[in-house]
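What follows is each chain in one-letter form.
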Amino acid sequence: MTAARAIKPARSLFFARTALLMLAMVISAFLITYFQALLTGSRVFPAVYHIHGVAYFAWMGLYAWQTHLVATGRTARHRELGLAGIALSALMVPLGVSLAIHAINRRIAAGNPHPFDTTLYNVIDITLFAVLMTASIASVTRHPDWHRRFTFGAALCLVGPAVSRWFLNPWIMPVPQLSPWSDLAPNLTADLFLIALILYDRRTLGRVHPATLWVCALLVPIHIATPFLTGSVWWRELAPSILKLG
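This structure is a prediction, so every number in the text was calculated from the model and none was measured.

Calculation rules
- Residues numbered from 1 in each chain as written.
- Predicted model: local features only at pLDDT ≥ 70, side-chain atom pairs only at ≥ 80, totals over all residues.
- Heavy atoms only, no water.
- pLDDT = per-residue confidence, 0-100.
- Helix = DSSP H or I, 4+ residues; strand = E, 2+ residues; numbered from the N terminus.
- Contact = heavy atoms within 4.5 Å.
- Salt bridge = Lys/Arg side-chain N within 4 Å of Asp/Glu carboxyl O.
- Buried < 20%, exposed > 50% of the residue type's maximum accessible area, 1.4 Å probe, protein only.
- Phe/Tyr/Trp six-rings, centres within 6.5 Å; stacked < 30°, edge-to-face > 60°.

Student: Quick question: what am I supposed to make of the confidence of the model for the protein here?
Tutor: Interpretation of the predicted coordinates at a detailed level should be avoided for regions scoring low in pLDDT. Of the residues in the protein, 90% have a pLDDT of 70 or more, and the chain-wide mean is 88. Across the protein, helix 8 (residues 210-229) holds the top mean pLDDT of 96, while helix 1 (residues 2-40) sits lowest at 78. Within the model, the stretch residues 1-11 combines pLDDT values under 50 with six contacts to residues more than four positions away or in other chains.

Student: In this structure, what is going on with the pattern of salt bridges? I would like to understand it.
Tutor: Pairing between side chains of opposite charge can happen when the charged atoms of each approach one another. Counting across every chain of the model gives four salt bridges. Put simply, arginine 149 and aspartate 201 hold a salt bridge, and the shortest N to O gap is 2.7 Å. Remark: aspartate 201 occurs in helix 7 (residues 185-205) and arginine 149 occurs in helix 6 (residues 144-168); sequence separation between them is 52 residues. Considered together, arginine 149 and aspartate 201 belong to a single accessibility category, that of buried residues.

Student: Would you explain the packing of aromatic side chains in this entry?
Tutor: The description of an aromatic ring pair rests on the distance of the ring centres and on the angle between the ring planes. For the structure shown, the criterion picks out 17 aromatic pairs. An angle of 85 degrees between the planes, with centres 5.9 Å apart, marks the rings of phenylalanine 15 and phenylalanine 152 as edge-to-face. Of this pair, phenylalanine 15 sits in helix 1 while phenylalanine 152 sits in helix 6, and the two are 137 residues apart along the sequence. Classification of phenylalanine 15 as buried rests on a relative accessible area of 4%. A relative accessible area of 0% means that phenylalanine 152 is categorised as buried. An angle of 40 degrees between the planes, with centres 5.9 Å apart, marks the rings of phenylalanine 45 and tyrosine 49 as tilted. Taken individually, phenylalanine 45 and tyrosine 49 each receive the classification buried, so the pair is uniform in this respect. Among the aromatic residues, ring-to-ring pairing joins Phe30, Tyr34, Phe35, Phe45, Tyr49, Tyr56 and Phe57 into one connected group.

Student: Is there a simple way to explain the environment of arginine 203 in this structure?
Tutor: Inspection of the secondary structure assignment puts arginine 203 in helix 7. The exposure class of arginine 203 is exposed, given its relative accessible area of 57%. Sequence separation between arginine 203 and serine 89 is 114 residues; the distance between their C-alpha atoms is 31 Å.

Shown next, in the form of structure tokens:
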């Protein structure tokens, strides 16, 4: 009984603390590229950027708050906010697609010869987020341990795209752009959280939870493969038909 009580707070604190760190990383990534530009008026953003931004930060903020509620024992309140989380997650998918299409049109207008290349990242991130959140929602009642790990993985699908701004707009020193190798950095930076999750599982369960293995098996190989596919003939031929553009 004593051991079980000791494990429960550690579990809650792990997810609450990592959620706060994810939120801080996301906010820091947009400080210059969005918030500063918005406040100074140095760049005008289309409405879809603001709508997507509100939903994006709301999802990350709600995730951090939900994990905090569990950490402080307010699970009833956590469940009450569950429907809001489901609705917000559902909204993220069409908003992500709309933003990706807007970016494609902007690149086409600018004369970019390959406007669909980087869109593969958007397609992958949106798809992985949708898959993991669907799994999270399906397991929320009967398998809470699976639920929290699938949601953890879904959050990483949002952290990776955000921290790409660290590498595209470095604050301290230039980062050599050695595509596709340098393109691995953002998502693999987010995937470092999976190492922490594995270590947490080993410490509290004595093994790696199956849901953690599923999340790792889904995210890591795709994150490694994507940069090598963005400029491929296969993707350049497939992308316009998928997105009904071009």
